Amino acid sequence: MSLEEQARAANAEFWEVPSRQEEVEVEAEEVGADRRMSEAGEEDEPTTTDGGDHTAGDSTDFGDRTEDDGSGNPAAKKKKKERKDRKPTVLANTNTKITKVSESGLPLEPADVAAAYGMQLGCIVRESMSINTKHLPSEANARLVENFLQKLHRRYTFPSDYNTLSTSNKVNRLAITKMSNALSSWRSRVKNKIQKGESWEQIKKGEPMLDEAEFEIFKAEMASDEAKAWTEWGQQMRDLNLGKHHLGSGGNRGKLPVWEKEDAELARLGKPNPWLKITDLQVRNFVRARYYLDKETMEFVTDDDDVKKFEEKLVRNLPAVHCVHIT
């Protein structure tokens, strides 16, 4: 079986989420956007127990700690500001009540609690299992998953329909998916630090829940031929991505407030808003993330030929849009 077939088989159960449900989740998470920093700086700043990695600066900055030249072009940003030391996020020792969840099982209210939910799941993962855990949804890890769900329900009280440990519970099913993603992110983060040549002491500072013996096993595994083959396959998959987005570390939910301000400014100036012509929210966000607003001309531009070709094909049957391409 090829690496791609292995990857698909291991994750087939969790690949698809209906687009309507994803829209609900995006709308919910934007309310209390946790302004996460990029993985490169995740291990520094004051300890937080709400699960959010908070950064200094304007509320719409979302961790982009660079000085802008005023043009709005992300590629033209100047040198980065020096990052302050941050302490890792920790699991809050309390029980918080969730009052509303989405159709897919994502907490919606209270908004501040919903914003921190993903971070707290990551804390439970790092506290509950070894970094060497693989194929989390498999039968072999059923006890780990059960232990995770028990800790999740000690941390949160959900609406009565979802206060069970059953894996058929949609809140639990989504939490397991997020748990799997958090484990993958943890492994990738530590792997990147190893590749940068960081010592155990340096890594331990940012990963206090990482056991040294487990780390040595993980480090040896990352040097194996199999791990190198997976890394190469992952790079090939990344190379298939269409262009580079300008979302920053906050992702779509972090960029939404910025886009809303841009839309309001276009309306104030009486300029047409090209994004309103793309009615599918996911497609609109995907394309818009690869454009940026030139503040001088108030036009959306991209410097990627593939993105431009995709956008032209997407809207070829729509009225002309007010987007230009950098040559």
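Model, not experiment: these values are computed from the prediction.

Rules behind the numbers
All residue numbers refer to position in the chain's written sequence, counted from 1. Residues qualify for local features only when their pLDDT is at least 70, as the model is predicted, and side-chain atom pairs are given and counted only at 80 or more; totals for whole chains, interfaces and linings, by contrast, use all residues. Water and hydrogen atoms were dropped before computing side-chain values, which therefore reflect all heavy atoms in the structure. Every residue gets a pLDDT, meaning the predictor's confidence in that residue, from 0 to 100. Only runs of H or I of at least four residues qualify as helices and only runs of E of at least two qualify as strands under DSSP, and these elements are numbered from the N terminus. Contacts are assigned to residue pairs with any non-hydrogen atoms lying within 4.5 Å of each other. Buried Ala, Val, Leu, Ile, Met, Phe, Trp, Tyr and Cys residues that are joined via side-chain atoms within 4.5 Å together make up what is termed a nonpolar core. In this scheme, a residue with accessible area under 20% of its type's maximum is buried, one over 50% is exposed, and one in between is partly exposed, where area comes from a 1.4 Å probe on protein chains only. The span expected for a helix works out to 1.5 Å for each residue beyond the first. We define the bend at each residue as the angle formed by axes fitted to the 7 residues ending at it and the 7 residues starting at it. When DSSP finds two or more bridges between a pair of strands, those strands are recorded as paired. Whenever a carboxyl oxygen of Asp or Glu lies within 4 Å of a side-chain nitrogen of Lys or Arg, that contact is scored as a salt bridge. Polar contact is the term for a pair of N or O atoms within 3.5 Å; when the atoms are in protein, one must be able to donate a hydrogen and the other to accept it, and sequence-neighboring residues count only if both atoms are side-chain atoms.

In this section: the confidence of the model for the protein. Segments scoring low in pLDDT should not have their predicted coordinates read at a detailed level. Looking at the protein, pLDDT values average 74 and 69% of them are 70 or higher. The lowest-confidence element of the protein is helix α2 (residues 19-31), averaging 40 in pLDDT; the highest-confidence one is strand β4 (residues 156-157), averaging 94. Every residue in residues 13-66 is under pLDDT 50, and counting partners more than four places away or in other chains gives 135 contacts.

Once that is clear, we can look at the nonpolar core. Tyr 117, Phe 148, Leu 152, Phe 158, Met 179, Val 190 and Leu 210 are the most contacted members of the largest nonpolar core, which has 35 residues in total. If you list the elements that add at least two residues to this core, you get α3 (111-128), α4 (142-155), α5 (170-195), α6 (200-206) and α7 (212-222). A total of 10 residues in this core trace back to one element, the largest contributor, which is α5. Within the second largest apolar cluster, nine residues are counted, among which are Ile 278, Val 287, Leu 293 and Phe 300.

This part takes up helix α9 (residues 251-269). Between the first and last C-alpha of α9 there are 27 Å, a value that for 19 residues agrees with the 27 Å anticipated at 1.5 Å per step. By the largest-angle criterion, Pro 257 marks the main kink of α9, which is about 30°. Where α9 is concerned, the buried positions are Arg 253, Gly 254, Lys 255, Leu 256, Val 258, Trp 259, Glu 262 and Leu 266. One or two positions beyond α9, positive phi appears at Gly 270, with a value near 75°.

So, on to the pairing of strand β6 (residues 299-302). Along a regular strand, successive side chains alternate from one face of the sheet to the other. Here β6 shows no split at all, with Glu 299 and Val 301 on one side and Phe 300 and Thr 302 on the other all buried. Direction of pairing for strand β5 (residues 292-294) relative to β6: antiparallel, over a ladder of three bridges. Residue pairing in the sheet places Asp 294 in a bridge with Glu 299 of β6. Between the end of β5 and the start of β6, which pair antiparallel, lie four residues, with Met 298 showing a positive phi angle near 55°.

Let us now look at the pattern of salt bridges. Summed over the entire model, instances satisfying the criterion amount to nine salt bridges. With a closest N to O distance of 3.5 Å, Glu 127 and Lys 151 form a salt bridge. With Glu 127 in helix α3 and Lys 151 in helix α4, this residue pair connects regions lying 24 residues apart in the sequence. Asp 263 is the partner of Arg 288 in a salt bridge, and the nearest nitrogen-oxygen pair spans 3.0 Å. One end of the pair, Arg 288, is in helix α10 (residues 281-288); the other, Asp 263, is in helix α9, and 25 residues separate them in sequence. Several salt bridges share partner residues, and in doing so they unite Lys 134, Arg 187 and Glu 221 into one network.

Time to look at the side chain of Glu 207. Along the chain, Glu 207 turns up in the loop between α6 and α7. Within the local environment of Glu 207, its side chain forms a polar contact with the side chain of Trp 186, the two groups lying 3.1 Å apart.

Here we come to α5. Compared with the 38 Å implied by 1.5 Å per residue over 26 residues, the 38 Å span of α5 between its first and last C-alpha is a close match. Of the residues that open α5, the one with a side-chain oxygen 2.9 Å from the backbone nitrogen of Val 171 is Asn 169. Once α5 ends, the next one or two residues include Gly 197, with phi positive near 85°.

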